[in-house]
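Below, each chain spelled out in residue letters.
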Amino acid sequence: MKIIGGKFRGRNLITPSTVDIRPTTGRLRESIFSAVDHRIGGFHGRRVADIFSGTGALGLEALSRGATSATWVEKHSLGLSILKENISLLEVEELAKILRVDARNLPGSDKPFDVIFMDPPYGRALAGPCMRSLLEKNWVGETSLLVLEVDKNDEVEVPEGLEIVKTLKQGFRRVYFIEKSA
């Protein structure tokens, strides 16, 4: 798996040799980042969060494209190990913060994030509770964009106060772009 854009373009990332962690494919990442670029005008100067981060590829891709910081939420031991190796590999430790917490019970944030990537395990109905925690703990602001990747068969419960503004479909995956309701 490689970084597909920005200053780290072409750099390899460490990937798991297990099906327990399922990194977003390069083709889907390219579609996601193109849509985010179009919606918010790029990543330069943005704060990003990568929830259920696994390898950390989404947050690292955002840093490569100019984000000023990334916060990763991962509680799986293997994911944490790979994430730390990938952050070190790209030498972005000073821009990185890792939280080993349950995404359904996040700590409070001093200010909202600009872009929040969420790629929860498929079939476990974790997206809704995670989004509620994001709202309750000040991770989502008026101009935040949430990017949720799910299996095409997963039901998505979008909490009150948020709305889906765009959907991408690719193979067996769907990606929802979610903002605060007007």
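This text goes with the structure placed above it.
The rules behind the values
Residues numbered from 1 in each chain as written. Predicted model: local features only at pLDDT ≥ 70, side-chain atom pairs only at ≥ 80, totals over all residues. Heavy atoms only, no water. Salt bridge = Lys/Arg side-chain N within 4 Å of Asp/Glu carboxyl O. Helix = DSSP H or I, 4+ residues; strand = E, 2+ residues; numbered from the N terminus. Buried < 20%, exposed > 50% of the residue type's maximum accessible area, 1.4 Å probe, protein only. Expected span 1.5 Å × (residues − 1). Contact = heavy atoms within 4.5 Å. Phe/Tyr/Trp six-rings, centres within 6.5 Å; stacked < 30°, edge-to-face > 60°. Pairing = 2+ DSSP bridges. Axes fitted to C-alpha atoms, helices over the stretch in contact; angles between N-to-C directions. Right-handed = clockwise from strand over helix to strand, strands pointing away.

(A) How the structure looks around the pattern of salt bridges. According to the stated counting rule, one finds 10 salt bridges in the structure shown. Residue Arg 65 pairs with Glu 61 through a salt bridge whose shortest N-O separation is 2.9 Å. Residues Arg 173 and Glu 149 are paired through a salt bridge, measuring 3.3 Å at the closest nitrogen-oxygen approach. Taken together, the residues span a long stretch of sequence, with Arg 173 in strand β7 (residues 173-180) and Glu 149 in strand β5 (residues 140-151) at a distance of 24 residues. Like Glu 149, Arg 173 is buried.

(B) Local environment of helix α3 (residues 77-89). Its 13 residues place the ends of α3 18 Å apart at the C-alpha level, agreeing with the 18 Å of an ideal helix rising 1.5 Å per residue. Residues of α3 that are buried sit in contact with α2 (57-64), β2 (69-73) and β3 (96-99). Phi for Glu 91, located one or two positions after α3, is positive at around 55°.

(C) Just the packing of aromatic side chains, in detail. A complete count under the given rule lists five aromatic pairs for this structure. Ring centres of Phe 33 and Phe 43 lie 5.1 Å apart, and the angle between their planes is 35°; this geometry places the pair in the tilted category. Residue Phe 33 is located in helix α1 (residues 26-40), and its partner Phe 43 is located in the loop between α1 and β1 (47-51); the two are separated by 10 residues in the primary sequence. Accessibility assignment for this pair places Phe 33 and Phe 43 in one class, buried. Ring centres of Tyr 122 and Phe 172 lie 6.3 Å apart, and the angle between their planes is 80°; this geometry places the pair in the edge-to-face category.

(D) The arrangement of the sheet that holds β2 in detail. Judged by pairing direction, the sheet is mixed, and its seven strands sit side by side in the order β3-β2-β1-β4-β5-β7-β6 without closing on themselves. The two strands at the open ends of the sheet, each matched to only one other strand, are β3 and β6 (162-170). In this sheet, neighbouring strand axes are inclined to one another by 15° on average, regardless of whether the strands run parallel or antiparallel. Two elements, β5 and β7, share six bridges in a ladder whose sense is antiparallel. Each residue of the ladder has a partner; that of Asp 151, found in β7, is Arg 173.

(E) Main features of helix α4 (residues 127-136). Residues of α4 that are buried include every one of Ala 127, Gly 128, Cys 130, Met 131, Ser 133 and Leu 134, and no others. Tucked inside the fold, the buried residues of α4 contact β1, β4 (113-118), β5, β6 and β7. At the C-terminal side of α4, Asn 138 shows a positive phi close to 65°.

(F) A look at the pairing of β3. Where β2 lies against β3, four bridges are found, and the strand directions are parallel. Looking across to β3, one finds that Val 73 is bridged to Leu 99. You can see the chain leave β2, run along α3 and come back into β3, and the turn it takes is right-handed.

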